[in-house]
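These are the residues of each chain, in order.
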Amino acid sequence: MTRIRIYPIATDSAGCFVQRLKMPLDALEANYPDEFEVCWTCEPKAGDGDVRSVVLGQRIMGNGTEGDPRWLDYCRNPGIMAVYEIDDDILDLDPGNTVPYSIFTPNRAGTIANIAAADWVITSTPRLAIKMERVKNEHDPDRWDCIMMAPNCVADGSVIERPSGGRDDGLPITIGWAGSMFHQQDFPPSLVEQLAAVRDAHPDVRWLTIGANYLGWGDHVGWGPMDRYHEALLRMDIGICPIARTPFNASKSWIKALDYMHRGVVPVVEDWGQYPELLCGYRAATPSDWASVLTHAIKDLRAGWFDHHAIAERAREFEISRQIGRWADVFRKAAQ
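Below is a short write-up of the structure. All values reported here derive from a predicted model rather than from experimental measurement.

## Looking at the pairing of strand E11 (residues 266–270)
Summarising burial for E11: 5 of the 5 residues are buried, a large majority. With 3 bridges connecting them, E11 and strand E12 (residues 282–284) associate as parallel partners. Residue pairing in the sheet places valine 269 in a bridge with arginine 283 of E12.

Okay, here's the thing in structure tokens:
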């Protein structure tokens, strides 16, 4: 059997790194030790007859802070298969999403060149895969079919199933949100007003934000390592996933809802984009439905009418050991 040696190029050390590099690559070595080897600190080099070399570049921009001048050299090297990994549509950011827009948009042309030069592209969602097919087709019509998809996952054994009975422990229900400083667009004044109305109507409900705080009330846990984030999620009963209806968000994965679900948190999501593909929870059909849907969720949790077993079972479908075969297929194809 020809071994496949993977050389990752990381561009961050937070959630995307854990989801798109560390977790799947560690699982590849653990599940297929005779087939895959991951070189985290080695300089990529061409393979030989017994080893195929694959460079995995995470969201490499054309230049700037997340650029890598070696990328195009790897793409041109016939002894190295270059795989470009992308989890967000950084080619189509809305100016209202100011921080990522200022980072990625000035480098858009160079990023497209990096994607076009890759031998393969791996995405996290079907809609992002369609977008990447268009990019490849425009620059290399003979290689539009080199797009593959592997989903975001959770760690094995990390799924927690909470009791489905009503709240009889005397503790208040906690509604929370977790995310980075790139989500101001997802919290327009109209949404914050609805959430404030729920807060005022249910003064016994607690509120928690993790990472960034777009509410201005409740408890807050600052951003930190992923294990701290997952531990803080245990304080929530209901997790909200508002999402602005922009082209960028249309390709976004449902990882926030999955993060909630695998820690036993009931998700309430915007019924838009790719969230409906995953959900075992509550949906706000329109942006004006948040107050009523949250009120319904609070009532159900108090009465014990929500099936926590269902969200735990759905989350277990995305434990990395259950999905690692899809990741393995990506690199097998890349190394052919």
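Moving on, there is more to tell.
## Let's talk about the environment of tyrosine 214
Its location among the elements puts tyrosine 214 in the loop between strand E8 (206–211) and strand E9 (219–222). Aside from chain neighbours lying at most four places away, what touches tyrosine 214 is Trp177, Ser180, Met181, Phe182, His183, Gln184, Phe187 and Val192. Here the side chain of tyrosine 214 touches histidine 183 through a polar contact of 3.0 Å, landing on its backbone nitrogen. Within the local environment of tyrosine 214, its side chain forms a polar contact with the backbone nitrogen of glutamine 184, the two atoms lying 3.5 Å apart.

## Structural notes on the sheet that holds strand E2 (residues 36–38)
Pairing between the strands of a sheet is mediated by backbone hydrogen bonds and can be parallel or antiparallel. Pairing is parallel across the open sheet formed by 6 strands, whose spatial order is E2-E1-E3-E4-E5-E6. Taken across any chain shown, the strands that pair with only one partner, and hence form the sheet edges, are E2 and strand E6 (147–149). Averaged over all neighbouring strand pairs, the angle between strand axes comes to 25 degrees, with direction disregarded. Looking at chain direction, strand E1 (residues 3–9) and E2 are connected through 3 bridges and run parallel. Counterpart to isoleucine 6 in the pairing with E2 is valine 38. The sheet contacts of helix H1 (residues 15–31) involve E1, E2, strand E3 (51–58), strand E4 (80–86) and strand E5 (120–123), and relative to E3 the element is tilted by about 160 degrees.

## A look at helix H7 (residues 226–233)
By the burial criterion, the buried members of H7 are Met226, Tyr229, Ala232 and Leu233. Buried positions in H7, seen along its axis, are confined to an arc of 125 degrees and lie on one side of it. Within H7, the exposed residues directed more than 90 degrees away from the buried face are Asp227 and Glu231. Buried residues along H7 sit against H1, strand E7 (174–179), E8, E9 and helix H9 (255–262).

## Some points on the nonpolar core
Formed by 56 residues in total, the largest nonpolar core has its most connected members in Ile175, Phe187, Leu195, Ile210, Ile238 and Leu294. It is helix H10 (residues 290–303) that contributes the most residues to this core, 6 residues altogether. Setting aside residues up to four positions removed in sequence, isoleucine 210 forms contacts with Trp177, Ala178, Gly179, His220, Val221, Trp223, Tyr229, Ala232, Leu233 and Met236. With 55 residues, the next largest nonpolar core counts Val54, Trp71, Ala82 and Val135 among its residues.

## Looking at the pairing of E7
Summarising burial for E7: 6 of the 6 residues are buried, a large majority. The alternating pattern of E7 places Thr174, Gly176 and Ala178 and Ile175, Trp177 and Gly179 on opposite faces, both of which are buried. Examined bridge by bridge, E7 and E8 share 6 bridges and lie parallel to one another. Counterpart to glycine 179 in the pairing with E8 is glycine 211. Of the crossover connections in this fold, the one passing from E7 over helix H6 (residues 189–201) to the parallel E8 is right-handed. Pairing between E7 and strand E10 (residues 238–241): 2 bridges, direction parallel. Residue glycine 176 lies in a different strand from E10, and its bridge partner there is glycine 239.

## Describing unusual backbone geometry
Negative phi characterises most residues that are not glycine, and trans characterises most peptide bonds. Phi at arginine 59 takes a positive value of approximately 50 degrees, unusual for a residue other than glycine. Within the secondary structure, arginine 59 is located in the loop between E3 and helix H2 (71–76). Judged by its relative accessible area of 11%, arginine 59 falls in the buried class.

Thresholds applied
- Residues numbered from 1 in each chain as written.
- Predicted model: local features only at pLDDT ≥ 70, side-chain atom pairs only at ≥ 80, totals over all residues.
- Heavy atoms only, no water.
- Buried < 20%, exposed > 50% of the residue type's maximum accessible area, 1.4 Å probe, protein only.
- Helix = DSSP H or I, 4+ residues; strand = E, 2+ residues; numbered from the N terminus.
- Pairing = 2+ DSSP bridges.
- Contact = heavy atoms within 4.5 Å.
- Polar contact = N/O pair within 3.5 Å; in protein donor to acceptor, adjacent residues only side chain to side chain.
- Axes fitted to C-alpha atoms, helices over the stretch in contact; angles between N-to-C directions.
- Arc of directions from axis to C-beta.
- Core = buried A, V, L, I, M, F, W, Y, C linked by side-chain atoms within 4.5 Å.
- Right-handed = clockwise from strand over helix to strand, strands pointing away.

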